[in-house]
Amino acid sequence: MAKLITTPNLAHPDDFYAKLIATHDGLTEDDSMALNARLILTLANHIGDQAVLEEALSVAKATA
Amino acid sequence: MFQDRYSLAFKLYPYAHSPDQDAAAPVRHPVIVVGGGPIGLATALDLGRQGIPVVVLDDHEGIGMGSRAICFAKRCLEIADRYGCGEPMLDKGVVWNLGKVFHDDRKVYEFNLLPEAGHKFPAFINLQQPYFERFIYEQIVEEQKKGAPIEIRGKNRVDGMTVAEDHVKLDIMTPDGPYQLEADWLMACDGASSPLRSMLGLDFEGQVFQDSFLIADIRMKTSSFPTERWFWFEPHFKSGASTLLHKQPDDVWRVDFQIGWDVDRKEELKEENIRARLDAMLGEGVEYDIVWSSIYTFQCRRMKKFRHGRVFFAGDAAHQVSPFGARGANSGMQDVDNLGWKLGMVIRGEAPDSLLDTYDEERIHGADENILNSTRSTDFITPKSKVSHIFRNAVLSLAESYEFARPIVNSGRLSVPCVYDGMSLNGPDALPGGPARTRPGASCPDAPLGDAFLLNQLGNRFLLLTIDADAPDSLTEDGVAVTRLALSRDQDPSGALADRYLGDGASAVYLIRPDQHVAARWDSYDETAVRTALRKACGKE
Ligand SMILES: Cc1cc2nc3c(=O)[nH]c(=O)nc-3n(C[C@H](O)[C@H](O)[C@H](O)COP(=O)(O)OP(=O)(O)OC[C@H]3O[C@@H](n4cnc5c(N)ncnc54)[C@H](O)[C@@H]3O)c2cc1C
């Protein structure tokens, strides 16, 4: 069964992080929230697997 | 003393003094149905067609004005057809397949229901609820002519009830004053605010949604809209937080505006205010009459149990859902379909009382599925928090350009029959490679048989459906008779029967219940297995 990857998986973490922050440049807080929502939905569809998604939700919730 | 709570669309059963009212002691009837809404009438029809005497008591003299339900689903129509009144509904109803979803001033996407071929009934028809009820009533009259022991008493209001171990006693008010009746069995079909439920002090818990909806049914005079379902989220014309437009027969369109929780109902229902909303939506110069309007709010909830000894709750009295997904009347009809044959068998002494407990098991399962689906639709249509609003709109904006987001858009998941998976009446699934849609617990899908349809040949009794398999033409197990319907692939040029009932198998034997649900299936006939499954399906194992 597919499992959520929780070990490093990004080839260039600094590049991704910079791109993520830059994508929000100049947006109001509400627009940023909307963008994040669209991003989550797009990624969720790409992942597709409900079990993996639920694991990701738990990880996000538990680390608050 | 006797005031109507609503006005009538059709006056059908005017009050008539019954000899029961002059009897010295309360007269006992086998079955009394309280409530002559769609669910009570259908119950009377089901039992009456089995020859079981049934008396319906309703506090009005006919069918209430105004269309509440408009969307009737395939399964509901198939049940009506089993009772003999499906075809007039189909003839009168509007069939639609195309839906469009809008957000603000943009079309997000459109969808086509793409109906599967080879069914007598479409996925849905739109039909005003009073017509739906009248067709059931007209079938009752037809059955009465053939001798069905059905009696409907108008202006008979149930004001009190006493439940005993083996019967129920009712206090009834009429224009001639009060009287009492007794019943061996009582069907409570008295609607969402069920007085009988309150009389028994029973719970009815669930979620109340803090929103109201304004309905206007309008008849177009000048221009016309297509036969499609249009749904707006946050429409640019600002007539509501969401708006639904849907065609009904007689050139009437249903418009449904979500108008918020804190509204002044009286103010909103003034014609000029309704017209202001409609004009903003329809644009200048469109002329129409308002046929009916009302404001409704809703809950998603059910009773903990539907059976209370000799009393059964069905329809809105037992469960309530939001209108999104059209699951109210549609699921109530499935209650009737489920209980009718069981009660008939118990009354005739063919099955034990415990069979009736499976009404609870199966229909609570159905109600929970409906509540889950309609709650999810409601949460999408009326988001409860800022973050859920943001996600909802994120789905809509993605859906405009990307196909992947469209299945997430939820403007109502349209009613489909539930499968009684894992329930106690089910027998074995012993058809290797058999299609999942016809597994035990599922309702039988229709299939064409020459000029006729499969479902018209099932129903009302236990049946052994064989496809290219040998079996005796009938058998009887402990007083319950089963007849065989023998079919073959040769009768199936479209392949629909094989596709729906054989799958990868070469032959099949299905034991089918009187409500057209599959009880068990095998690849070939085995007498012992069939007898065991039949006993199980009658609650005897
Ligand atoms: C706006 C709206 C839209 C809807 N759309 C749909 C849809 O598209 N599809 C769908 O399937 N469902 C829909 N529904 C739900 C549907 O209308 C109900 O589920 C359906 O009417 C339930 O039928 P019923 O027979 O259980 O109850 P009711 O129709 O409420 O009938 C109850 C009857 O009992 C009588 N009664 C009450 N108390 C007493 C008493 N003390 N003595 C004697 N008689 C009594 C009443 O007068 C009434 O005749 C919608 C509902 C609303 C409000």
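Our subject is the structure that appears above.
What counts, and at which threshold
Residues numbered from 1 in each chain as written. Chains lettered and ligands numbered in written order. Predicted model: local features only at pLDDT ≥ 70, side-chain atom pairs only at ≥ 80, totals over all residues. Heavy atoms only, no water. Pairing = 2+ DSSP bridges. Helix = DSSP H or I, 4+ residues; strand = E, 2+ residues; numbered from the N terminus. Phe/Tyr/Trp six-rings, centres within 6.5 Å; stacked < 30°, edge-to-face > 60°. Buried < 20%, exposed > 50% of the residue type's maximum accessible area, 1.4 Å probe, protein only. Lys NZ or Arg CZ within 6 Å of the ring centre and 35° of its normal. Contact = heavy atoms within 4.5 Å. Axes fitted to C-alpha atoms, helices over the stretch in contact; angles between N-to-C directions. Buried area = accessible area lost by both parts, 1.4 Å probe. Salt bridge = Lys/Arg side-chain N within 4 Å of Asp/Glu carboxyl O. Polar contact = N/O pair within 3.5 Å; in protein donor to acceptor, adjacent residues only side chain to side chain. Nonpolar A, V, L, I, M, F, W, Y, C, P; charged D, E, K, R; others polar.

Trainee: How would you explain the pairing of strand E28 (residues 480–487) of chain B if you had to name every residue and give the values?
Mentor: All names here are of chain B. Bridge count between strand E26 (residues 463–467) and E28: 5 bridges; the pairing is parallel. Note on E28: the bridge partner recorded for isoleucine 467 is leucine 487. If you look at the hairpin formed by strand E27 (residues 474–477) and E28, you'll find 2 residues sitting between the two strands, and aspartate 478 has a positive phi there, around 50°.

Trainee: Summarise the packing of aromatic side chains; cite the residues concerned and give the values.
Mentor: All names here are of chain B. Enumeration over the complete set of coordinates arrives at 23 aromatic pairs over all chains. Seen from their ring centres, tyrosine 109 and phenylalanine 111 are 6.3 Å apart, and the 45° between their planes marks the pair as tilted. The exposure class of tyrosine 109 is buried, given its relative accessible area of 12%. Ring geometry for phenylalanine 312 and tyrosine 359: centres 5.9 Å apart, planes at 75°, overall edge-to-face. Pair noted here: phenylalanine 312 is in strand E21 (residues 311–313) and tyrosine 359 is in helix H9 (residues 357–381), with a separation of 47 residues, a long-range link. What makes tyrosine 359 buried here is its relative accessible area of 0%. The ring of phenylalanine 10 carries arginine 134 above its face, with NZ or CZ at 4.5 Å from the centroid. Here the basic side chain of lysine 247 rests over the ring of tryptophan 253, its NZ or CZ set 5.0 Å away from the ring centre.

Trainee: Provide a residue-level description of the sheet that holds strand E19 (residues 299–302) of chain B, including the pertinent values.
Mentor: Backbone hydrogen bonds are what pair the strands of a sheet, in a parallel or an antiparallel way. All names here are of chain B. Pairing is antiparallel across the open sheet formed by 3 strands, whose spatial order is E13-E19-E22. The open sheet is flanked by strand E13 (205–208) and strand E22 (319–320), the only strands paired with a single partner. Here 2 bridges tie E19 to E22, and the two strands are oriented antiparallel to one another. Within E22, the position partnered with arginine 301 by the bridge is glutamine 320. On top of the sheet, H9 reaches E13, E19 and E22; it is set at about 165° to E19, its chief contact.

Trainee: Quick rundown of the interface of chain B and chain A? Include the residues and the values.
Mentor: Between chain B and chain A, the contact holds 9 residues from the first and 9 residues from the second. Surface buried jointly by chain B and chain A totals about 820 Å² across both partners, of which 82% is contributed by carbon and sulfur atoms. The largest share of the area that chain B buries against chain A comes from Ile390, Phe391 and Phe404 of chain B, three residues that together contribute 53% of it. Salt-bridge contacts for aspartate 30 of chain A lead to lysine 386 of chain B; the nearest nitrogen and oxygen are separated by 2.8 Å. For the interface between chain B and chain A, the tally reads 1 residue pair in polar contact (both at pLDDT 80 or more). Taken together, the residues of the side of chain B that touches chain A sort by class into 7 nonpolar, 1 polar and 1 charged.

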